[in-house]
Amino acid sequence: MPARVEAAGHALSREAAARYAWAAARLALGSIFLWAFLDKLFGLGHSTASADSVLNGGNPTKGFLGASVGPFSGIYHDIAGNVVVNVLFMAGLAFLGVALMSGVAMRLAAGAGALMMVLMWSASLPPANHVFMDEHLVYAIVLIGLALVKAGDTIGLGRIWSRSKLVRRLPWLE
């Protein structure tokens, strides 16, 4: 008999509870990426002032990459503010936010997001609060876990997406 979890008077299998926990993690992480994109694009005032928004000519990578420390800081200082880097960064934030919130293209999102997170981690070495670990590496691990458990299938469009002609033809888009 499968193990059950009691929640608000309803019994769920552990597998179902785990699927919902992973879906919640996907939505939470997706909201982080989507919010970062929207804040940098519109300057919503959280970490980006309106005057510094992309739409007002602001530069989404200059601050973070320009303040890079550690063994790779020279590389990051050189590319800080580069138009191509800015476009890739903003496109990456938007793609990750939309993919995670909708549950589509989870493999692609996990790979691209993990790469982005590892690059951001390497821009600020050593991390402030640990010898090597910080939230960027934790996010990278969670992104990979989300793809492995097909977290887009629960409270998301992952199942529909994976059955589409495009994904059947190009499975790496799953």
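Conventions we followed
- Residues numbered from 1 in each chain as written.
- Predicted model: local features only at pLDDT ≥ 70, side-chain atom pairs only at ≥ 80, totals over all residues.
- Heavy atoms only, no water.
- pLDDT = per-residue confidence, 0-100.
- Helix = DSSP H or I, 4+ residues; strand = E, 2+ residues; numbered from the N terminus.
- 1 Å grid on protein atoms, 1.4 Å probe; cavity = no way out; pocket = protein on both sides within 12 Å on 5 of 7 lines; lining within 4 Å.
- Points joined across faces, edges and corners; volume = space filled by probe spheres on them.
- Nonpolar A, V, L, I, M, F, W, Y, C, P; charged D, E, K, R; others polar.
- Core = buried A, V, L, I, M, F, W, Y, C linked by side-chain atoms within 4.5 Å.
- Buried < 20%, exposed > 50% of the residue type's maximum accessible area, 1.4 Å probe, protein only.
- Contact = heavy atoms within 4.5 Å.
- Patch = residues over 30% accessible without salt bridge, like charges linked within 9 Å, V, L, I, M, F, W, Y side chains within 5 Å.
- Areas by Shrake-Rupley, 256 points an atom, 1.4 Å probe, with all protein chains shown as cover.
- Salt bridge = Lys/Arg side-chain N within 4 Å of Asp/Glu carboxyl O.
- Expected span 1.5 Å × (residues − 1).
- Polar contact = N/O pair within 3.5 Å; in protein donor to acceptor, adjacent residues only side chain to side chain.
- Axes fitted to C-alpha atoms, helices over the stretch in contact; angles between N-to-C directions.
- Parallel < 35°, antiparallel > 145°, perpendicular 65-115°, else oblique.
- Left-handed = near helix turned anticlockwise from the far one by under 90°.

### Re the confidence of the model for the protein
Thinking step 1. Chain-level pLDDT for the protein is 93 on average; 94% of the residues reach the 70-or-more range.
Thinking step 2. The secondary-structure element of the protein with the lowest mean pLDDT is strand β1 (residues 4-7), recorded at 56, while helix α4 (residues 83-102) shows the highest, at 98.

### Observations concerning the layout of surface pockets
Thinking step 1. In this structure, the largest pocket occupies an estimated 950 Å³ of space.
Thinking step 2. Mapped by element, the contributors of at least two residues to the lining of the largest pocket are α1 (14-42), α2 (62-66), α3 (73-79), α4, α5 (106-122) and α6 (135-148).
Thinking step 3. Ranked by the residues each element gives to the lining of the largest pocket, the list is headed by α4, at seven residues.
Thinking step 4. Residues of the lining of the largest pocket, tallied by class, amount to 25 nonpolar, nine polar and four charged.

### A word on unusual backbone geometry
Most peptide bonds take the trans form, and the phi angle of most residues other than glycine is negative.
Thinking step 1. A cis geometry characterises the amide bond from L125 onward to P126, with omega recorded as -10 degrees.
Thinking step 2. Along the chain, the position of P126 falls in the loop between α5 and α6.
Thinking step 3. With phi around 55 degrees, K150 is a residue other than glycine that occupies positive phi space.

### A closer look at the nonpolar core
Thinking step 1. Of all hydrophobic cores here, the largest spans 23 residues; its most connected members are F33, L93, L100, M116, M117, L143 and L146.
Thinking step 2. When contributions to this core are tallied by element, the ones reaching two or more residues are α1, α4, α5 and α6.
Thinking step 3. Each residue touching M117, except ones within four places of it in the same chain, is listed here: F33, H136, Y139, A140 and L143.

### With respect to a nonpolar patch on the surface
Thinking step 1. Together, F95, L108, L166, L170 and W172 line one region of the surface with nonpolar side chains, adding up to about 410 Å² of accessible area.
Thinking step 2. Relative to the elements of secondary structure, W172 occurs in the segment after α8 (165-169).

### Focus: α4
Thinking step 1. For α4, built from 20 residues, the straight-helix expectation of 28 Å at 1.5 Å per residue is met to within 8% by its first-to-last C-alpha distance of 28 Å.
Thinking step 2. The set of residues buried in α4 consists of N86, F89, M90, G92, L93, A94, L96, G97, A99, L100 and S102.
Thinking step 3. The N-cap residue of α4 is N82: its side-chain oxygen and the backbone nitrogen of V84 are 2.7 Å apart.
Thinking step 4. The positive-phi residue at the C-terminal boundary of α4 is G103, with phi of around 85 degrees.

### With respect to the packing of α1 against α6
Thinking step 1. The contact between α1 and α6 brings their axes to 10 Å, and the two run at 130 degrees. Considered as vectors, α1 and α6 are oriented oblique to each other. Classified by chirality, the crossing of α6 by α1 is left-handed. Seen from α1, the contacting residues are W22, A25, R26, L29, I32 and F33; seen from α6, they are Y139, V142, L143, G145 and L146.

### Comments concerning the pattern of salt bridges
It is possible for side chains of opposite charge to pair when their charged atoms get near one another.
Thinking step 1. The tally for this structure, following the rule as stated, stands at two salt bridges.
Thinking step 2. Residues R107 and E174 are paired through a salt bridge, measuring 3.2 Å at the closest nitrogen-oxygen approach. Of this pair, R107 sits in helix α5 while E174 sits in the segment after α8; the two residues are 67 residues apart in sequence, bridging distant segments of the chain.
Thinking step 3. Of the charged contacts, one joins K150 and E174 as a salt bridge, the two residues approaching to 2.8 Å between their closest N and O atoms. One end of the pair, K150, is in the loop between α6 and α7 (158-162); the other, E174, is in the segment after α8, with 24 residues separating them in the sequence.
Thinking step 4. On the basis of relative accessible area, K150 is assigned to the partly exposed category, the value being 42%.
Thinking step 5. Three or more residues are tied together by salt bridges with common partners; here these are R107, K150 and E174.

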